Amino acid sequence: MSGGEPILDVRNLRVSFSTEEGDVQAVDGVSFQLRPGEVLAVVGESGSGKSVTAMTLMGLTRSPNARFEGTAQFRDTELVNATDDELRQIRGAQIAMIFQDPMTSLNPVQRVGDQIMEQITAHGEIPEAQARTQAVEMLDRVGIPRAAERARSYPHEFSGGMRQRAMIAMAVSCEPDVLIADEPTTALDVTIQAQILQQIAQLREDAGVGVILVTHDLGVVADVADRIAVMYAGQIVERGTVDEIFYDPQHPYTWGLLGSITRVDRDRPGRLPAIGGVPPSLANPPEGCRFRPRCPHAFEPCTQVPDLEQRGASGSGHVDRCFLSAQDKPRLREVDGQVGLTTGSPSA
Amino acid sequence: MTRFVTRRLVQMVVVMFAVSVLTFLIFNVIPNGDPAVRMAGKVPTETNIEAIRQEWGFDENIFVQYGTTMKKVFTGDLRSYFTQLDVDEEIVKGIPRTFSLAIGAALLWMAVAVAFGLYSAMRAGRFADRFLTITALVGISMPVFWIGALMNYYLGFKLGWFPNGGYVEFTTDPVGWFTHLILPWTALAILFIGFYSRVLRSNVLDTLNEDYVRTARAKGLSERQVMVRHVLRNSLIPIVSLWGLDFGAVLGGGAILTESVFDLQGVGQYAADSIGQLDVPPVLAVTLFGAFFIVALNTVVDIVYGFLDPRIRVQ
């Protein structure tokens, strides 16, 4: 499993985009480490900055409108300030990425096998025949039946699950050290979701790949992740191991996320629990704690931005951004006998 | 794929039949009065009219008339009653000229438009893009008979850099063929360059936002590979089909103005001259052949499109 020196060390990453509504601070001081063979889940709702964080590591957010601060050390390379050419050599070869929508992430007019070959030949002088054999092998390994034949298919001849498998085959064909999966199961139905997650977990077991799993679905991460970083409005609001996050969550936003998971082993709620309000505009974020306007437990100190530090008792790796006292939290987060966010009107 | 091609070919035959019926109706049935009188030209004599009536079967029923007309057009048995020349022979004489003009112009406008469109998209919003946008608008707004006449007058007549109109056979003098065609090619291509570069620019900008382009970048491909293999390739698909259609349209009659301005004596100019002389048989034949050619080329474009974009084949 996880162990050893971190392969990826992100410190105080900030990404902002200038738009017509002003500067949008999409990622605001995100730090985390990833070790070989570890699955780190980055969880948050739409617009929390999780995808931007992931894509920034690959240099895919670079544009004239984007500004970056902070560092992301990958081996000997600092990714945020790396030149385009340095990044190009790392992309696909050492850090690979799987995207959310397998329907649109493959080129519709190229054969699936050719697209995998393209990945293989992009990072080394490999004869075409060998690259083709390798591509078919990769498809076979991710469980595409009759891989040699299917390599000649076009993406529209694949089902959604098969396309995502093909994406995985492509991503891991150069044996990367880090795999970034950006909502890899969101566009798939539930049974296929489980298979794809299984596939990702397998990579970690077999090849010691470090995985960053970006998702909005806490249910998805419970089985495969080692650690979880919960993001809200561009910041990590809580980070810890899976057990710490699920059994001793410290931040009210995490409580809300956990409370909104529907579970088959519990009574069906009359209404699906939801977190009231909407995520804040990142062009004009609220003062102090970002979650304050939606938080029923907010009190005076929340007008200051809480640091990300250890506050609970569960371990030094478990950090959060909430001023509520650790003694009060177990009582406050209990809703109908489970973890949740009370629906009382926010007071601030 | 075989089924796809077969279906397209059958459709083509059906459309061609419909086109032939329409052309027949437009020329021989819909206009008021005696078709034989119109055929006979500006100064018809009674004997001429009677002979034409017999020859074309205008005193028979409409189906016989249709049959005779098609037979005359397609067996080369069609004669102008004005010049007394065989119409199909005249058309065949003009075809190399019209093709030389259309093929050269099509290659020119495609090549230049791809370069302009791609460059414009990659510099979107900056000075070069704006400059090319304005240039394209100016190009689209200039009618070919105007820009053609200007080029002919200044570059051909006044400066003498290029031949002042006319056409030389490729087989007798390739260089002369080329120099005689430079101005017509350019004049005809200008409009299309403006139009195509605009379309390509917006296609490229759309394609750049596609997820599979992001995937291509994530693979670690060089920017050049991303642009050529993924962005340009996919952006060109709609342009290629447009290209085929426009090429067909130019051959099927769109070159009339250019041919006349530069005196190329192609099929288009033959049609224009015939119209001027109220000479019906050549106009009928050129219309029919032109329409057939456009239909055939549309079919080719459809089939090529099926090869370029595999999603089209399934339906």
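Residues numbered from 1 in each chain as written. Chains lettered and ligands numbered in written order. Predicted model: local features only at pLDDT ≥ 70, side-chain atom pairs only at ≥ 80, totals over all residues.

Is there a simple way to explain the sheet that holds strand β7 (residues 178–182) of chain A in this structure?
Whether parallel or antiparallel, the strands of a sheet pair through hydrogen bonds between backbone atoms. Residue and element names in this part refer to chain A. Spatial ordering of the open sheet is given by β6-β7-β8-β3-β9-β10-β11, a layout of seven strands whose pairing is mixed. Across the chains shown, the open sheet's two edge strands, defined by having one partner strand only, are β6 (95–98) and β11 (319–320). Direction of pairing for strand β3 (residues 39–43) relative to strand β8 (residues 210–215): parallel, over a ladder of five bridges. Of the residues in β8, the one forming a bridge with Val-43 is Thr-215. On the sheet, helix α10 (residues 252–259) packs against β3, β9 (227–232) and β10 (235–241) and is oriented at approximately 105° with respect to β9. (Pairing = 2+ DSSP bridges. Helix = DSSP H or I, 4+ residues; strand = E, 2+ residues; numbered from the N terminus. Contact = placed C-beta atoms within 7 Å. Axes fitted to C-alpha atoms, helices over the stretch in contact; angles between N-to-C directions.)

Please explain the environment of B:Lys42 as it appears in this structure.
Residue and element names in this part refer to chain B. Mapped onto the elements of the fold, Lys-42 is located in the loop between α2 (35–39) and α3 (46–56). You can call Lys-42 exposed: it has 9 C-beta atoms within 10 Å. Spatially, the C-alpha atom of Lys-42 lies 35 Å from that of Met-151, the residues being 109 residues apart in sequence. (Buried ≥ 20, exposed ≤ 12 C-beta atoms within 10 Å, placed from the backbone.)

Is there a simple way to explain helix α4 (residues 62–74) of chain B in this structure?
Think of an α-helix as 3.6 residues a turn; residues three or four steps apart then line up on the same face. Residue and element names in this part refer to chain B. Taking 1.5 Å per residue, 13 residues should reach 18 Å; α4 reaches 18 Å between its end C-alpha atoms and fits that length. Looking only at α4, the buried set comprises Thr-69, Lys-72 and Val-73. Take α4 and look down its axis: the buried residues cluster within an arc of 95°, on one side only. Residues of α4 that are exposed and point over 90 degrees away from its buried face: Phe-63 and Lys-71. Residues of α4 that are buried sit in contact with α1 (2–29), α3 and α13 (280–308). (Expected span 1.5 Å × (residues − 1). Arc of directions from axis to C-beta.)

Looking at this model, I keep getting lost on the sheet that holds strand β2 (residues 22–34) of chain A. Mind explaining?
All names here are of chain A. The sheet built from four strands is open, its strands ordered β2-β1-β4-β5 with antiparallel pairing. Here the strands that pair on one side only, and so sit at the sheet edges, are β2 and β5 (77–78). For strand β1 (residues 8–19) and strand β4 (residues 66–74), the ladder comprises eight bridges, and the chain directions are antiparallel. Paired with Arg-14 across the bridge in β4 is Glu-69.

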